[in-house]
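So the chains spell out like this:
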Amino acid sequence: MSTGADRAGKPVTSLADEATDAPLAGEGGWMTDGRTVTGASGRAADRAAVRAFRPRRTVPAVVVAALLTVLGAVVAAETVSALAGRPLRWVAIDRLLIWAATTPWNDPLFLLGTALVTLIGLALVATALVPGRPRFVPVHTGDADLIIGMRRKSFARALAHAAEGVPGVHSARASVHGHTASVTATTSGWDRERFGEAVRAMVLSRLAALNPVEPYQVKVNVRERK
């Protein structure tokens, strides 16, 4: 463990060496009473927590369902009314059929409409498949029936408070984007590289204590106070 000296000449302990021994959050299973536990139950609990806090695609699903319902109702009404001999003609089917029969495949208008419909379909598929930004950060519990999550702002604030616990830090702020935690610490009178290692070690220690389900990378930016 390396040591340094503060302004008063007293030895201070570097936190950089402790970071090498601290487990990365989200690796090695879940923790309880300082011990890391792995197993099928722990993995099942992690999957349950991730699913519980996964954003629901409610708005896109409602929009698509409403459009399909309206389209299906119009087609059904036109079909039934035509079979009954009294077509409603809400849609100009005859003109559409004539246009489809007389329009070549390489017609610019036809190609534009096809591209538009394809893009809309791909956008809907991407919306359904790509996970959204969760509002909570799931943490390990080891019990599939016990699901705990932290608000992303609270999670980031906890990391910022950890950085502020390093001697010499005047203030710190943190943000979480995806699986990356970015911490900006403001200080003065310290070696920039060594101070960044100390802040990183403290943040990693807090991550290990919070024990989130998914791993997070830590990026540290040190600013000099003016």
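Residues numbered from 1 in each chain as written. Predicted model: local features only at pLDDT ≥ 70, side-chain atom pairs only at ≥ 80, totals over all residues. Heavy atoms only, no water.

## Looking at the sheet that holds strand 7 (residues 169-177)
In step 1: Taken in spatial order, the three strands line up as 7-8-9 in an open sheet, and their pairing is mixed. What marks the edges here is a single partner per strand, and that holds for strand 7 and strand 9 (217-224). Sheet twist, expressed as the mean angle between neighbouring strand axes with direction ignored, is 15°.
In step 2: Two elements, strand 7 and strand 8 (residues 180-187), share eight bridges in a ladder whose sense is antiparallel. Residue Val176 lies in a different strand from strand 8, and its bridge partner there is Ala181.
In step 3: Across the sheet, helix 6 (residues 152-164) touches strand 7 and strand 8, and the angle it forms with strand 7 is around 150°.
In step 4: Together, strand 7, strand 8 and strand 9 form the strand contacts of helix 7 (residues 192-210), whose direction differs from that of strand 9 by roughly 140°. (Pairing = 2+ DSSP bridges. Helix = DSSP H or I, 4+ residues; strand = E, 2+ residues; numbered from the N terminus. Axes fitted to C-alpha atoms, helices over the stretch in contact; angles between N-to-C directions. Contact = heavy atoms within 4.5 Å.)

## So, the side chain of Thr141
In step 1: You can see Thr141 is positioned in the loop between strand 5 (136-139) and strand 6 (148-151).
In step 2: Within polar-contact distance, the side chain of Thr141 engages the backbone oxygen of Asp143 at 3.1 Å.
In step 3: Within the local environment of Thr141, its side chain forms a polar contact with the backbone oxygen of Leu146, the two atoms lying 2.7 Å apart. (Polar contact = N/O pair within 3.5 Å; in protein donor to acceptor, adjacent residues only side chain to side chain.)

## As for unusual backbone geometry
In step 1: Unusually for a residue other than glycine, Asn211 sits at a positive phi of about 55°.
In step 2: Looking at the secondary structure, you find Asn211 in the loop between helix 7 and strand 9.

## Focus on the packing of aromatic side chains
The description of two aromatic rings rests on the distance between their centres and on the angle between their planes.
In step 1: Taken as a whole and assessed by the stated rule, the structure comprises two aromatic pairs.
In step 2: Taking 5.2 Å as the distance between ring centres and 85° as the angle between the ring planes, the aromatic pair formed by Trp105 and Phe110 counts as edge-to-face.
In step 3: For the ring pair Phe155 and Tyr216, a centre distance of 5.2 Å and an interplane angle of 45° mean the geometry is tilted. Placement of Phe155 in helix 6 and of Tyr216 in the loop between helix 7 and strand 9 is noted, with a sequence separation of 61 residues between them.
In step 4: Phe155 gets classed as buried once you look at its relative accessible area, which sits at 0%. (Phe/Tyr/Trp six-rings, centres within 6.5 Å; stacked < 30°, edge-to-face > 60°. Buried < 20%, exposed > 50% of the residue type's maximum accessible area, 1.4 Å probe, protein only.)

## Some thoughts on a positive patch on the surface
In step 1: On the surface, Arg43, Arg47, Arg51, Arg54 and Arg56 cluster together into a patch of positive charge.
In step 2: Considering the arrangement of structural elements, one finds Arg51 in helix 2 (residues 40-52). (Patch = residues over 30% accessible without salt bridge, like charges linked within 9 Å, V, L, I, M, F, W, Y side chains within 5 Å. Areas by Shrake-Rupley, 256 points an atom, 1.4 Å probe, with all protein chains shown as cover. Salt bridge = Lys/Arg side-chain N within 4 Å of Asp/Glu carboxyl O. Lys, Arg positive; Asp, Glu negative; His and termini not counted. Charge placed at Lys NZ, Arg CZ, Asp CG, Glu CD.)

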